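Descriptive structure summary
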Amino acid sequence: MTTEQPYPAAPARHSRTTARPGPHRPPRQEPSPRRANWPGGLAVVLGLAAAGVAFLPDWGFLAWPLAGVGLAAGIAGIVLSSRGTMRGLGVALTGTTLSALAALLCGAMLLYPSMFGTARAGDLHIPPLPGEKHSVDFVVTSAGGATVRYGTLNDQRTASTPPSTDDWHGHASYDGGRPVLSLTADTANAGVTNEISCQIIVDGKKVAESSGSSIALCTSNVE
């Protein structure tokens, strides 16, 4: 009698569930907050400062660089805001506008100071204005008469002195700055030798003097 050997039991199969990989999603990054538009804010401050300084007689020249830097800062603020680097486009536009208006104001005051009730530092006024700090007396002596040009290098008046031994006087005034005073006297008759002398007197003090046989020239840079 033959005894059948049992077959070994088949190993149990363990079922494995394979998960399908999903799409890879990178971690979500929060956008970095945009910085405040400090160039635009600087343009606002400089534009207002330039407009205020323009009305100061002895410091009005500072309005030009203030307005120029403010205009450059405002344009930079507009560019940075349009690129998304900074926020505050309105501030940059306001600063640019204020700086541009301040520059236009400076130009208008330079060309037409009387319209704004201001005078540029170093302006010489002929005839003199009441209440100004400094008085100027242009003096010419010419026995045979002379043609006189007096004032500053870029703003002069012309007068004629009759033949006389008396002095001729031209009066002026200024309120500040450093005007370059100029006085020229030349003989009215080129064929006649004529001794001419000139003087510039500021606040009672002689600051320039010259003489010649046919022409005399006096200049002075005063404070």
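Because the structure is predicted, anything quoted here is derived from the model rather than measured.

**Details of the packing of aromatic side chains**
Overall, the coordinates contain two aromatic pairs when judged by the stated rule. Between Phe-138 and Tyr-150, the aromatic rings sit 5.4 Å apart at their centres with planes inclined by 55°, giving tilted as the arrangement. With Phe-138 in strand S1 (residues 134-142) and Tyr-150 in strand S2 (residues 146-152), the pair connects residues that are twelve residues apart, well separated along the chain. We note that Phe-138, like Tyr-150, is buried. For the pair Tyr-150 and Trp-168, a centre-to-centre distance of 5.2 Å together with 70° between the ring planes defines the contact as edge-to-face. One end of the pair, Tyr-150, is in strand S2; the other, Trp-168, is in strand S4 (residues 168-174), and 18 residues separate them in sequence. Connected via pairs of aromatic rings, a cluster forms that spans Phe-138, Tyr-150 and Trp-168.

**Here we look at the state of the cysteines**
Linking two cysteines covalently through their sulfur atoms gives a disulfide. Applying the stated rule across the entire model yields one disulfide. The partner cysteine of Cys-198 in its disulfide is Cys-218, sulfur to sulfur 2.1 Å. Looking along the S-S bond of the Cys-198-Cys-218 disulfide, the torsion reads about 95°, which is the right-handed sense. Here Cys-218 lies in strand S8 (residues 215-221) and Cys-198 lies in strand S6 (residues 196-202), a separation of 20 residues in the sequence. On the basis of relative accessibility, which here comes to 1%, the residue Cys-218 falls in the buried class.

About the thresholds
- Residues numbered from 1 in each chain as written.
- Predicted model: local features only at pLDDT ≥ 70, side-chain atom pairs only at ≥ 80, totals over all residues.
- Heavy atoms only, no water.
- Phe/Tyr/Trp six-rings, centres within 6.5 Å; stacked < 30°, edge-to-face > 60°.
- Helix = DSSP H or I, 4+ residues; strand = E, 2+ residues; numbered from the N terminus.
- Buried < 20%, exposed > 50% of the residue type's maximum accessible area, 1.4 Å probe, protein only.
- Disulfide = S-S within 2.5 Å.

As far as function goes, none of this settles anything; it's purely spatial.
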